[in-house]
Amino acid sequence: MNTVVDLSLSRPHVNTLISNFSTLHRLVAIKNISMEVYTFEKSFLDRLKEAEAVLSWDRAVMPASQVRSEWKSFVELQIEPAGWQAIWKIPRVICEDLKLRYPTIVYGYVEQVIFDELKAVFVVTAVQDNDVHLPESNAVSLIELWPTIKQENEALNVDTTAECIDRLRFFYCHVWMPWDKDYDDDRNWVQMHLQARIQLACDLSKNKLSRPLALHMRTLLMEAKYIQQRLEYLELDLSDAEVEVDDEAVELNDNAAEPARKQPKPGSANGSLNVSTFPVTDLMCLHLRMAIIRSEFEILENPEMRRAYSELQSNSLKRHLLQRSAGRPTELPLTQRTPICHVVTVPGKLQQQMDLLTLAKEQVKPDTQVQLANTLQDVLSICRSDDDILLSPGEHTIKFLEHLNNNGSLKGLVKSEAILAAEPQLPNLPVVCSSDEESTLLVIDGNYTLSHLVLDCRHVRRGILLRSGTLTVRGCRLLGDGNSSTQEGIVCMPNASVELRGCIIENFAVGVSMRPRSSAELGNVQVKSCNTGVELLDKTVSLNLQGSKCSFDNCKIGIMADNLALPGKEDKVLVLRQYSELKRYNDNNWLGNCNFMDCTKNVRVFNKSDQLLAQHSQQHLLDDELEGENKENIDTA
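Residues numbered from 1 in each chain as written. Predicted model: local features only at pLDDT ≥ 70, side-chain atom pairs only at ≥ 80, totals over all residues. Heavy atoms only, no water.

Asks: Summarise the overall build of the chain; cite the residues concerned and give the values.
Replies: Of regular secondary structure, the chain possesses 14 helices and 30 strands. Within the chain, the proportion of its 637 residues that are buried is 51%. Long-range pairs, those at least 24 residues apart, make up 68% of the contacts in the chain with a sequence separation of at least 6. Of the roughly 29700 Å² that the chain leaves accessible, carbon and sulfur atoms contribute 50%. (Helix = DSSP H or I, 4+ residues; strand = E, 2+ residues; numbered from the N terminus. Buried < 20%, exposed > 50% of the residue type's maximum accessible area, 1.4 Å probe, protein only. Contact = heavy atoms within 4.5 Å. Areas by Shrake-Rupley, 256 points an atom, 1.4 Å probe, with all protein chains shown as cover.)

Below you can see the structure in the form of structure tokens.
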């Protein structure tokens, strides 16, 4: 009988179980297993009726504490209890703790549904990557499973199972909030929140909110859910530490003449049961941040408050523009004026400021209007998308909720040699970083230029998300945290294009991720110390490594190509030594050359014939990953 491992356990338990697990093995994907999964498109009324059917009590108060019980009862009536095949999309937080790529998907079947916990015992039978090591049987959340259309047992009612999981996933991903479990039982949760939350989710999905408000709310939601996952992990870690100390104390006293009593752990202050004070500090910070998110979200959950928020934001912008134009009655409105150049400086001595203005003078055309500013955040809040922004050396912290586009630019007032130095002096360079752990540092949805900057991505999950248009990056350095297995430097979405010239990308899980039908040109680019330097997720990706000056240094995988047809090759994965060998399989789209230095694997190719998911379903899961993170809102700009 196989032992079931619950991967929602704390990191020490998961790592111990995986390292000692007797049935752990390298699973081999089944030939020609490409699967389609069930997907659903539903309207606001559909979603509302489905939720009300589960959570309606005739003229009775439905408290938050009862919501989960009602879903358990519903699931037990709708879902097949065992035997159905599914794709498991492993959550980001588990991928991070197990050092897996994100998203990572595996194929298997449900051995048993644990209705009381809304989980299932999932048996893994095939993996996409042989480097993925998982226990054979895992207790996973039902909302992480995507039932496949093709089933070995056609007698099972998998249509209803998939539809039920879709309802459950929508509710717990978009309607139920991490703080809802703390509501008092005398409050009717359904009456207070159900319709408003579903309306908000549908409005976000259909782009019915203003772009800044929509991105702000998505950011709050993503951060809240991620904080909740981290809180659960930290609380389990602390609980495990307490048990460990108790066991040690009992063991010590079993060998002592004195009656047993708890002993302080050596090296801990005041006999604290915590291994260190850092988990407690982290818990406090996370709880405080969650309280702030909750208070803000509960205001914006109300449609009237959302309208007021948008009006306040618009009025604030108008007041700022009026203040700027005071004494200048001829100034044109923002939408009618010509682009201007904003010069952002941090406090410094007079001579330093004069030297910076001299550098700015070299980059600004004589007839261009110039505006001096104190912070980059202020400029981004009021500038036009086609304005130019010049940054002085120093740290420029932003929490930007709009997109960059329309041929604008963001440039540092420093020579590129200082940016690309072997040991850069960050305090002396223009550094752009996030004010807190946002999902993405910069979102680009049109033609834009970044030059002579350090993009500090160590506190975000993704550096640049390129939605559309062409992004030109010259003389920039992108810094990752070097620890995460899910952090991405640049993500290039379908039909978008990125041009990198004289740049360094280092310490990411994935340096540059190219989605289907995207394109990239790299010239004199160094990709250093990444798990994967560049990933090509489809043969439709265009990649031009101009000249031979591009290099991949100290990466686990230099270039990874996915979903590639390998005629005459039976291998699931192909490892190549040179980029020129890869080009032979797609010589129309992949051009140029590069060097590999100290990479574990220079080029790794996944055979198309061994894909777990059919392309349509794989794209759906990739889109689902970005659904809540800075989704484009072009229609409501």
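Additional details are given in the paragraphs that follow.
Asks: Let's hear about the packing of aromatic side chains: which residues, and what values?
Replies: Applying the stated criterion across every chain, the model contains 10 aromatic pairs. Ring plane angle 65° and centroid distance 6.0 Å describe the contact between Trp88 and Phe122, whose orientation is recorded as edge-to-face. A residue pair is termed long-range when its members are at least 10 positions apart, and Trp88 in strand S2 (residues 85-90) and Phe122 in strand S4 (residues 119-127) qualify at 34 residues. One exposure class covers both Trp88 and Phe122, and it is buried. Consider the rings of Trp176 and Trp189, whose centres lie 5.3 Å apart with planes at 45°: the pair is tilted. Here Trp176 is found in the loop between helix H5 (158-175) and helix H6 (189-205), whereas its partner Trp189 is found in helix H6, with 13 residues between them in sequence. A residue is classified by how much of its surface remains accessible, and Trp189, at 1% relative accessible area, is buried. Clustering of aromatic rings is evident, with ring pairs tying together Trp71, Phe74, Phe171, Tyr172, Trp176 and Trp189. (Phe/Tyr/Trp six-rings, centres within 6.5 Å; stacked < 30°, edge-to-face > 60°.)

Asks: Any chance you could break down helix H3 (residues 64-78) for me, citing the residues and the numbers?
Replies: Taking 1.5 Å per residue, 15 residues should reach 21 Å; H3 reaches 22 Å between its end C-alpha atoms and fits that length. Tucked inside the fold, the buried residues of H3 contact helix H2 (44-55), H5 and H6. (Expected span 1.5 Å × (residues − 1).)

Asks: Before we move on, could you go through the sheet that holds strand S27 (residues 557-564) and cite the residues and values that matter?
Replies: Read across the open sheet, the 8 strands follow the order S13-S16-S19-S22-S25-S27-S30-S28; overall the sheet is mixed. Edge positions in the sheet fall to strand S13 (440-444) and strand S28 (573-576), since each has one partner strand and no second. The sheet shows a mean angle of 15° between the axes of neighbouring strands, taken without regard to direction. Summarising the sheet, strand S25 (residues 532-536) and S27 pair through 4 bridges and their orientation is parallel. If you follow Val534 over to S27, its bridge partner there is Ile559. (Pairing = 2+ DSSP bridges. Axes fitted to C-alpha atoms, helices over the stretch in contact; angles between N-to-C directions.)

Asks: Outline the packing of H3 against H5, listing residues and values.
Replies: Their axes nearest at 9 Å, the elements H3 and H5 cross at an angle of 165°. Put simply, H3 runs roughly antiparallel to H5. Judged by the sense of rotation from one axis to the other, the crossing of H3 with H5 is left-handed. Contacts between H3 and H5 pair Val67, Arg68, Trp71, Phe74, Val75 and Gln78 from the former with Thr160, Thr161, Cys164, Arg167, Leu168, Phe171 and Tyr172 from the latter. (Parallel < 35°, antiparallel > 145°, perpendicular 65-115°, else oblique. Left-handed = near helix turned anticlockwise from the far one by under 90°.)

Asks: I'd like to hear about the nonpolar core, residue by residue, with values.
Replies: Generally speaking, nonpolar side chains in soluble globular proteins are found buried as a group. Core analysis: the largest hydrophobic core is formed by 77 residues, its most contacted members being Leu55, Trp84, Leu145, Phe171 and Trp189. No other element matches the 11 residues that helix H7 (residues 211-254) contributes to this core. In contact with Phe171, other than residues within four places in its own chain, are Leu55, Val67, Trp71, Trp176, Trp189 and Leu194. Ranked by size, the runner-up nonpolar core spans 64 residues in total, among them Met514, Ile559, Cys594 and Cys599. (Core = buried A, V, L, I, M, F, W, Y, C linked by side-chain atoms within 4.5 Å.)

Asks: Could you give an account of the pattern of salt bridges, with specific residues and numbers?
Replies: The final tally for this structure, using the stated rule, is 23 salt bridges. Put simply, Arg47 and Asp166 hold a salt bridge, and the shortest N to O gap is 2.9 Å. Taken together, the positions of Arg47 in helix H2 and Asp166 in helix H5 put the pair 119 residues apart, joining distant regions of the chain. There is no split in this pair, since Arg47 and Asp166 are both buried. Glu301 is the partner of Arg197 in a salt bridge, and the nearest nitrogen-oxygen pair spans 2.9 Å. Taken as a pair, Arg197 in helix H6 and Glu301 in the loop between helix H8 (278-300) and helix H9 (303-324) lie far apart in primary sequence, 104 residues in all. One exposure class covers both Arg197 and Glu301, and it is buried. Taken together, the salt bridges that share partners define one network made up of Lys42, Arg47, Glu50, Glu163, Asp166 and Arg167. (Salt bridge = Lys/Arg side-chain N within 4 Å of Asp/Glu carboxyl O.)

Asks: Lay out the side chain of Glu301 in plain terms, naming residues and giving numbers.
Replies: For Glu301, a relative accessible area of 4% corresponds to the buried category. If near-sequence neighbours (up to four positions away) are discounted, Glu301 is found in contact with Met192, His193, Ala196, Arg197, Met217 and Arg306.

Asks: Please give an account of the confidence of the model for the chain that cites residues and values.
Replies: Mean pLDDT over the chain stands at 81; residues scoring 70 or higher make up 78%. Overall, residues 10-32 carries pLDDT values under 50, and its contacts beyond four positions in sequence, including any with other chains, amount to 52 contacts. Every residue in residues 628-637 scores below 50 in pLDDT, and together they form 47 contacts with partners more than four places removed in sequence or on other chains. (pLDDT = per-residue confidence, 0-100.)

Asks: Tell me about the environment of Cys164, and please be specific about residues and values.
Replies: Among the secondary structure elements, Cys164 is positioned in helix H5. As for Cys164 and Glu76, which are separated by 88 residues in sequence, their C-alpha atoms are 10.0 Å apart.

Asks: Describe the packing of H2 against H6, with residues and values.
Replies: Where H2 contacts H6, the two axes come as close as 9 Å, and the packing angle between them is 155°. Between H2 and H6, the crossing angle belongs to the class labelled roughly antiparallel. The crossing of H2 and H6 is right-handed. On H6, the residues touching Phe44, Arg47, Leu48, Ala51, Glu52 and Leu55 of H2 are Trp189, Val190, Leu194, Gln195, Ile198, Gln199 and Cys202. Within the contact of H2 with H6, the residues separate by chemical class into 9 nonpolar, 2 polar and 2 charged. (Nonpolar A, V, L, I, M, F, W, Y, C, P; charged D, E, K, R; others polar.)

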